[in-house]
Every structure is written in C-alpha cells, then in structure tokens.
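Structural characterization, general
As a plain string of letters, each chain reads:
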Number of protein chains: 2
Amino acid sequence: MQSSRSHPSVLADVTLPDGRRADVFLRDGLVASVQERAPYGGTPDETAAGDGRVDLGGALLLPAFVDGHSHLDKTFLGAAWQPHAEGGTIRERVGAELRARRRLTVPVTERALRLVHRMVEHGTGHTRSHVDIDPEAGLDNLHAVLDVRERVRDLMTVQIVAFPQSGVVTAPGVPDLLDAALREGADLVGGLDPHGFDGDVAGQLDVVFGLAERHGAGVDIHLHDPGEIGAEQLRDIAARTAALGLDGRVTVSHAYCLGEVADATLARTASALAAAGVSILTNGPAGSMPPVLRLREAGVRVFAGSDNIRDAWWPYGTGDMLERATIIGLRSELMTDDELRVAASLVTTEAAGALGLERYGLEPGSRADLVAVAAASVAEAVAAHPRRLLVMRAGRVLVTDGCPVAGLPAPEPGVQRAW
Amino acid sequence: MQSSRSHPSVLADVTLPDGRRADVFLRDGLVASVQERAPYGGTPDETAAGDGRVDLGGALLLPAFVDGHSHLDKTFLGAAWQPHAEGGTIRERVGAELRARRRLTVPVTERALRLVHRMVEHGTGHTRSHVDIDPEAGLDNLHAVLDVRERVRDLMTVQIVAFPQSGVVTAPGVPDLLDAALREGADLVGGLDPHGFDGDVAGQLDVVFGLAERHGAGVDIHLHDPGEIGAEQLRDIAARTAALGLDGRVTVSHAYCLGEVADATLARTASALAAAGVSILTNGPAGSMPPVLRLREAGVRVFAGSDNIRDAWWPYGTGDMLERATIIGLRSELMTDDELRVAASLVTTEAAGALGLERYGLEPGSRADLVAVAAASVAEAVAAHPRRLLVMRAGRVLVTDGCPVAGLPAPEPGVQRAW
C-alpha cells in the first residue's frame, strides 16, 4: 500500500537547479507538475496537497545521481577490511585482485547489495556497473550482479557491462564468455587497453565491436594506455563507432591519455570523438585526466563515475556522486558557478545521457527519481557535497536525512557492523 | 554542572589506533586510563562505570583532529553564497578577495564562528588560523578572531598567525602591523612568497624572522613560488631557522615547489629542512604538491590543513580533516594500510607536533579531546571518512552522531539557513 508518507504527493518549497523556488507535484511515480512559488514569501494553497506534503525549506532538488562507472562485483564492503596489496601496473593489479577474490568468503551478491545501499543513501539512482568476465570467474559474477539487479530494481537502475578484466584476445575463451554474457542480460560489452593489455588493438576491437554489432549492444572500454598510444586507440574507436552507426552508444572510460597529449593531438582526437558520438568517462584520478572543459567545448560528452569503491584497486570510495563532483572539480580547477554546474552535470544530466536513461530529470513526465540536498544552489551542492535530505525512487521515499527508511530490501544479514 | 551524560566517565569498547579494543576511562577532562579488553568477547565490570558510560561498539577512537592551516577570517559561511571570481595569479586573487571583503556585510566574527562549528562537527579540536593583516584591514580581522578564540575556548584550540596577505615589504605599514599583532595576541608571524609577491626575499625574511626573534614567536610562511625559485627560498628559511634556534617552530605552508624540482634539489632541500626542524604543511592541492612519503623519509615533518573553506580563494572545503586525509591520500597515492596511517597522522599526531600542542593523544594524562569514527581501523577511517559518532573536548561531549549537542555556544543568530 502506498501511504502518503512513503509516497508524498508534493515536495514543497524546493530550489530548482535554475534557482527558482517551486513546489513539485508527484503522481504515479512521476513528476506531475512543477509550480513556481510566488516571490516575496507567497505560498500555494497548502490544503491542496493534503498530508502527502514534504516541506523541504528551500533545499536544492536534483534528479537522482548517476554513477556512470562502478564495479558492483569487486567491492570488499560487507567483508572484513582488506589491506591494499602493492603493485603498480594494470596487470599486477589484476593479479592482486584475483588473489583477493580467492580469499574472500562473502559472496558477490552480499557485497554488491551492500554497495548498492551505500550508493542509494547518497542519492544515486542509476549506475553502469562493469562486471568481471574472465577465464577463472566465467559468468559467475555476471549471474550474481543480474540477481542483485533484480533485487534492487525498486532502489536503483543497474546497467551491466560485460567487462574482460583479464583481457580479450590473450585470455582463453573470453570472446565466447562475452558473447554469452550479452545473451544472458549484459547491456554493453567492455574492453581493456587493447594495446597495453592485449597487445593487439585490432584483435580486441574486432571482438568488442563485432559483439556490439551482433547483439545491438553498447560499448564501454577501459583505456589506461598513455599519451599518443592511447589517443590513437581513441581515434580508432571513434572510427569503428562511426562505421557501425553506434553514435551515442560508445564510451571510453578513463582515457588518461587525453590529459597527456599535445594540443594538436587533443584537438584532432576530441574532434573525432565528438563526430562519432563517443563519450568519455572520468572519476577524477590522481594522475593525468581528460580535460573536462576542453572536451566539452569540442562537443564531446563527458560524464562521471566512482570507479572502484573499497576494492582491490584501491581502498577509497564512498559512492557519493556529489563528492565525486567535488573531486573532479578540484582536479579540474572548476571554480566559478558555471564551472560548478558543469561538475554537477557530470553526475546528473550528462551521465544520464551517456547511459541513455529515459524520463530522467525534473520536467513533468519524468520519473520521480529525485534527491534533495542541503544546499541552496547547484554550485553550493558541488562545493559542499552536504547531507541528502531526501532520496526517492519512482515517487517512493528511500532515504530521509541521510538514513534509509525502514522496510527497504536489505543487504544480506551477517555483515560485520551496523555502520 | 557536569552530568554523567555530558561528561562520561568511560568510553567503552573502542578500537584504538593500534587495533586493540579497549575501554577508555576519563576524569577531570583527561584520559585517566586505557584498559585493554579481554579478547574473545570478555567485557570489564560494567557496574564500575556507573551511568557515565558511552558504549561505542568497537568504533575507532582518535585524538581530536588538528586542522593545521585555516583562514577563519576569510570564509563566506554564514553569508549568502558568493560566486567565485576568476583570476589566476596570487596577486589577482588577493585583489578579488579585497573586493569581496568590501561587499560582505556579515561580520568576520559571525562567519568565523560558523566555520568553527562546522569544523567541530567533523571532530576538529585544534586549528592554526592565518589571519589577514594588511593596510586596508589593519588589525580588524585579528581583533575579530581573537574574540572568536575566546568564545570558542571550550570547543576548539585556535592558534593565530599574523598573515600578511597583501605582502610585507611592498605593503605600506605592514611590518609595524605584524609587530602590533604579535603584541596583541597572535602566536606566530606569517609570510607570503618573498620572491613572487614582494620581489625581495631577504627583505621579507628579515622582517618575518626579526619579528619572530623579538617576540619569541613561531613562523608560518605561505610559499607558492615554483620550482628552483621556491626551493632556494626553502633553504634560505631553513638557514634562518637554524641560525635563530627555532627548531620545530617554523612551518612553510604549501611549498608546491617540492613537487616540481629535480631529485637532487629535493634531496638537498629536504635535508636542510629536516636539519633545521622546518615543517611542511599541505592541503593536497590540484597541481604539484610536496611528496609526502619522500619528505618523511628524509626526516621532514609533514602535516595537513584545510586551507581555504568556502571563501574568495575557492568555493570548496568542508572542514572535515578525515576527508582532507582522503584528498591528500588520493593525490599522493597512499594506498596500503601503512600509507593510510601516514595520511591519518597528518591530521592528528604530526599536526599536533607541528603546532606544539600539549597533552595531545590517547595516553593517560592526555586531555580528553577525542573523536570516535564509524570505522574499525585507522586505514578505514581515512579511506571512508565516515560519520563522527562522538566528539569531545576536555571530557565534555560536543557532538553525537554528527550533530552538535544542545547548549553549545552558538554561532551568531541571523545566519541564513538551518543547515
């Protein structure tokens, strides 16, 4: 049963992203209408809303955050703390992760659920999760995350990338596993450093784009390869995207190389990405990173994700996409209000566009996947990443004042701590 | 009156920084004793503690955080949101700040109090605040922050640096103003880019170290000058520190140059800093920054601070020193548990050492300035910067579960929002 408390009919006195104060009316899980408040303290007829009214006292209302790059199957959340193992190269880190995975006794399902809850508490409504497909795990992780996706359907949208973490052409049987993953429910096919990991750019991209074409699937490729070697692969990916008509359905994640190459290479590569409709994902890493503003000016869609959260890749990560916007903003020196709004767009509208989410936003007819933040403007929300006052999914309240409401589908029992 | 609720006599079942579980007994605002818990679930005699017992369920207990570099007088907190004004050089930013200051109608006292409260909510017990001393403001900001220091004495320790934000030898009357500031209660004398801002390294350092010697004051100099020019000034500061016997009482804040110079210059400069007992402060900035581990290996004390929080320099900053440890950890790629413990030390013991705080720590006899964090280890606390379950000052509870308790000295009324 839908009570007026769990499914309010109006979010009263919110600040919209454009600064207007408004009352947002909800019906059947959608935004029904947005009524601007009269200036100088006028308020609408309060009786109209009945008792399904939540007064937000001027707090900023945003569409739910989008975490454009997560690894639900990798997190250690829900298990005991796992100290980070050293190892610098991508291949060393993959090895460290395989060893950690063999040690873990808490199943993927339980850890992934714990992470989903953490993300929801911070107002994330949608994520694209890469899921490891490799010779050792086979499709086990995929099956676990498919199960989690079903169980959290009322909390979060989960888009799944079949991710060849141990390589494509150099890992026995992986092309067939990726094919099977797409048949069994993965939405996109992934890739990993065609040059740096597989040492066979054409070979890996033939497999990845071949699968995308056969299954009508999107593509999201991890690319850590540096400088010119990286940029050349980006242009190769852009050419294949254009050839297959995959405009808007291909992402390259990380693309550190765009922060390293000479201006002319950057311009040429950005132009190719923009023309082909290839998006770039960043999490604002410590080293070189894609130049957010330059890419946007060139017409390239840039969006953001957490990447690893408390797993074998690094011990950091909170799942808070507003904090992620701060991290990217600091790394990119986004300072003015316009620039802070860009940072916010990376975790909202731009990410929603890259994921192809439907009915996303605050317009009437949008799905009421919403988050209210203790800030008076988008700029302040990014700079301060303050408390989440309200998180809702399809009109249902999931979180109030940072804490999940009672009765949500819970993570598995047996986790080690209450906090 | 001291109730057992506001002044508990025992913090039961905490995790100590070294991983042991213990009960921490408090008396007269100090740590009276630390009693390790028996392993395998044994608990001490609960009746012994009476009703002044707070059970922390295994949460990590740390000494209160130290924010080694703040600018209490600069923050916009408590005023309406101020969009960031562009301007890249230090001089342009100083100009932008002077213009912002003239526009603000909310007094320094009110804004600084608001910032102190924000810091306390995150578990900060001590800060070193630089306070602008310049021809336009004279000693006005100093007087305001001296007032704030008195008013928050039961919340936080405030150490004051007389900071010549508009230069020393090129700003009319500033040497005399710094002299007056030290007479009126400033604890340290500051400086600013002797080369880059004043264009007179010897001139500025003569004034700064002359005042330090005359007043028996410490020194904390902002140094943004790059590369070799910066490193040369660091060695100059080290030489003056050694000559005056100021070992342990001189800090250089920021010192970006240490992240830019060649290895040999870094080694030579670090060696000079270590020998003279000059500390380095960092906030983990976006560009080049001091190499934390390298400097520590060379024997240089490194510690951390927020720097600007929501002011004319940038819109970012939360006052959360555990988040600061995360920012520095990410920038410095601190990943292993040992490295995460280093990150934590930058905002606790190392900062306390640099500030010369007495009775700091968890040992019996330490002042009970404590913070309990929703984490099971120091490593996890840094990686996750989770909720503050308890903050206390001299044995008095200030914050429970992230929220200030009732009855604290409040920021001025008239601030714009409840959150």
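What you see is a predicted model; the values in this text were computed from it and never measured. (Residues numbered from 1 in each chain as written. Chains lettered and ligands numbered in written order. Predicted model: local features only at pLDDT ≥ 70, side-chain atom pairs only at ≥ 80, totals over all residues.)

**A closer look at the overall build of chain A**
Helix and strand counts for chain A stand at 12 helices and 17 strands. Taken over C-alpha atoms, the radius of gyration comes to 21 Å for chain A, in line with the 22 Å a tight globule of 419 residues would show. By sequence separation, contacts in chain A at least 24 residues apart represent 75% of the contacts at least 6 residues apart. (Helix = DSSP H or I, 4+ residues; strand = E, 2+ residues; numbered from the N terminus. Rg over C-alpha atoms; globule rule 2.2 N^0.38 Å. Contact = placed C-beta atoms within 7 Å.)

**A few points about the sheet that holds strand β7 (residues 124-132) of chain A**
All names here are of chain A. Taken in spatial order, the 8 strands of this open sheet run β6-β7-β8-β9-β10-β11-β12-β13, and their pairing is parallel. The sheet is open, and its two borders are formed by β6 (65-70) and β13 (302-304), each paired with just one other strand. Averaged over neighbouring strand pairs, the angle between their axes works out to 25° when direction is ignored. As defined by bridge partners, β6 adjoins β7 across 4 bridges and the pair is classed as parallel. The residue of β7 that forms the bridge with D67 is T127. Here helix α6 (residues 227-243) sits on the sheet in contact with β10 (218-223), β11 (250-254) and β12 (278-282), set at roughly 165° to β11. (Pairing = 2+ DSSP bridges. Axes fitted to C-alpha atoms, helices over the stretch in contact; angles between N-to-C directions.)

**Quick notes on the interface of chain B and chain A**
Between chain B and chain A, the contact holds 29 residues from the first and 29 residues from the second. Broken down by element, the side of chain B that touches chain A gets its largest block of residues, 4 residues, from helix α12 (residues 378-384) of chain B. Residue composition of the side of chain B that touches chain A, grouped by class: 16 nonpolar, 5 polar and 8 charged. (Nonpolar A, V, L, I, M, F, W, Y, C, P; charged D, E, K, R; others polar.)

**A few points about the pairing of strand β9 (residues 188-192) of chain B**
All names here are of chain B. For β9, a buried count of 5 out of 5 residues is recorded, marking the element as mostly surrounded by other parts of the structure. On β9, burial covers both faces: L188, G190 and L192 on one face and V189 and G191 on the other are all buried. Looking at chain direction, strand β8 (residues 157-163) and β9 are connected through 2 bridges and run parallel. Its bridge partner being in β9, A162 is matched across the sheet by V189. Between the parallel elements β8 and β9, the chain passes through helix α4 (residues 174-184) in a crossover that is right-handed. Of the pairings in the sheet, the one linking β9 to strand β10 (residues 218-223) comprises 5 bridges and is parallel in character. Bridge assignment links G191 to a residue of β10, and that residue is I221. (Buried ≥ 20, exposed ≤ 12 C-beta atoms within 10 Å, placed from the backbone. Right-handed = clockwise from strand over helix to strand, strands pointing away.)

**A word on the sheet that holds strand β13 (residues 302-304) of chain B**
Residues and elements named next belong to chain B. One open sheet holds the 8 strands; their spatial order is β6-β7-β8-β9-β10-β11-β12-β13, and the pairing between them is parallel. One side of each edge strand has no neighbouring strand; the edge strands of this open sheet are β6 (65-70) and β13. Pairwise comparison of adjacent strand axes, ignoring direction, gives a mean angle of 25° for this sheet. Bridge analysis of strand β12 (residues 278-282) against β13 gives 3 bridges, and the strand direction is parallel. The residue of β13 that forms the bridge with L281 is F303.

**Section: the relation of the copies chain B and chain A**
Least-squares fitting of chain B to chain A yields an RMSD of 0.0 Å, with the transformation described by 0.0 Å of translation along the axis and a rotation of 180°. Taken together, the rotation and translation relating the two chain copies correspond to the operation of a two-fold axis. Of every C-alpha in chain B, the one belonging to I327(B) sits nearest the axis of rotation, 4.0 Å from it. Both copies share a contact surface, since 100% of the interface residues of chain B are interface residues in chain A too. (Least-squares fit on C-alpha atoms with pLDDT ≥ 70 in both.)

**A word on unusual backbone geometry**
Residue and element names in this part refer to chain A. Backbone geometry at D193 places phi at a positive 35°, although glycine is not the residue there. Relative to the elements of secondary structure, D193 occurs in the loop between β9 (188-192) and α5 (201-215). Not every positive phi belongs to a glycine, and A394 is a case in point at roughly 50°.

**A word on the domain arrangement of chain A**
As a measure of interface size, the accessible area lost when the parts come together is often cited. Residue and element names in this part refer to chain A. By domain assignment, chain A separates into domain 1 (10-64 + 360-404) and domain 2 (65-355). Here the C-alpha centroids of domain 1 and domain 2 sit 30 Å apart. The interface of domain 1 with domain 2 comprises 20 residues on the first partner and 24 residues on the second. The element best represented in the side of domain 1 that touches domain 2 is helix α12 (residues 378-384), accounting for 5 residues. (Domains from an automatic or database assignment.)

**Overview of the packing of helix α2 (residues 108-121) of chain A against helix α3 (residues 140-151) of chain A**
Residues and elements named next belong to chain A. Relative orientation of the contacting elements α2 and α3 amounts to 45°, with a least axis distance of 9 Å. With respect to each other, α2 and α3 are oriented oblique. α2 and α3 meet at a crossing whose hand is right-handed. Residues V108, T109, A112, L113 and V116 of α2 form the contact with α3, whose own contacting residues are N141, A144, V145, D147, V148 and R151. Class assignment of the residues belonging to the contact of α2 with α3 gives a composition of 7 nonpolar, 2 polar and 2 charged. (Parallel < 35°, antiparallel > 145°, perpendicular 65-115°, else oblique. Left-handed = near helix turned anticlockwise from the far one by under 90°.)

**Observations regarding the environment of A394(B)**
All names here are of chain B. Within the secondary structure, A394 is located in the loop between β15 (388-393) and β16 (396-400). Assessed through the 19 C-beta atoms surrounding it within 10 Å, A394 is described here as partly exposed. A sequence separation of 71 residues divides A394 from E323, and the C-alpha atoms of the two residues are 24 Å apart. Apart from the residues within four sequence positions on either side, A394 is in contact with G29, R367, A368 and D369.

**Considerations on the packing of α6(A) against helix α7 (residues 263-276) of chain A**
Residues and elements named next belong to chain A. As a packed pair, α6 and α7 sit with axes 8 Å apart at the nearest point and diverge in direction by 25°. Put simply, α6 runs roughly parallel to α7. Along this stretch, α6 crosses α7, giving a crossing that reads as left-handed. The segment α6 lies against α7, with E228, A231, L234, R235, A238, T241 and A242 engaging T265, T269, A272, L273, A275 and A276. Looking at the contact of α6 with α7, its residues break down into 8 nonpolar, 3 polar and 2 charged.

**Notes on the confidence of the model for chain A**
Here chain A averages 93 in pLDDT, while 94% of its residues score no lower than 70. At the level of chain-chain contacts, confidence expressed as ipTM amounts to 0.92, with global pTM at 0.94. (pLDDT = per-residue confidence, 0-100.)

**Looking at α3(A)**
All names here are of chain A. For α3, with 12 residues, the first-to-last C-alpha span of 17 Å sits near the 16 Å given by 1.5 Å per residue. Turning to α3, its buried residues are N141, L142, A144, V145, V148 and R149. For α3, the angular spread of the buried residues around the axis is 160°, confining them to a single face. Check the buried side of α3 and you find it contacts α2, β7, β8 (157-163) and α4 (174-184). (Expected span 1.5 Å × (residues − 1). Arc of directions from axis to C-beta.)

**Quick notes on α4(B)**
All names here are of chain B. What α4 keeps buried is the set V174, L177, L178, A181 and L182. When α4 is viewed along its axis, its buried side chains cluster within an angular range of 140° and face the same direction. The exposed set on the far side of α4, more than 90 degrees from its buried face, consists of D176 and R183. The elements touched by buried residues of α4 are α3 (140-151), β8, β9 and α5 (201-215). Backbone geometry just after α4 places G185 at a positive phi near 135°.

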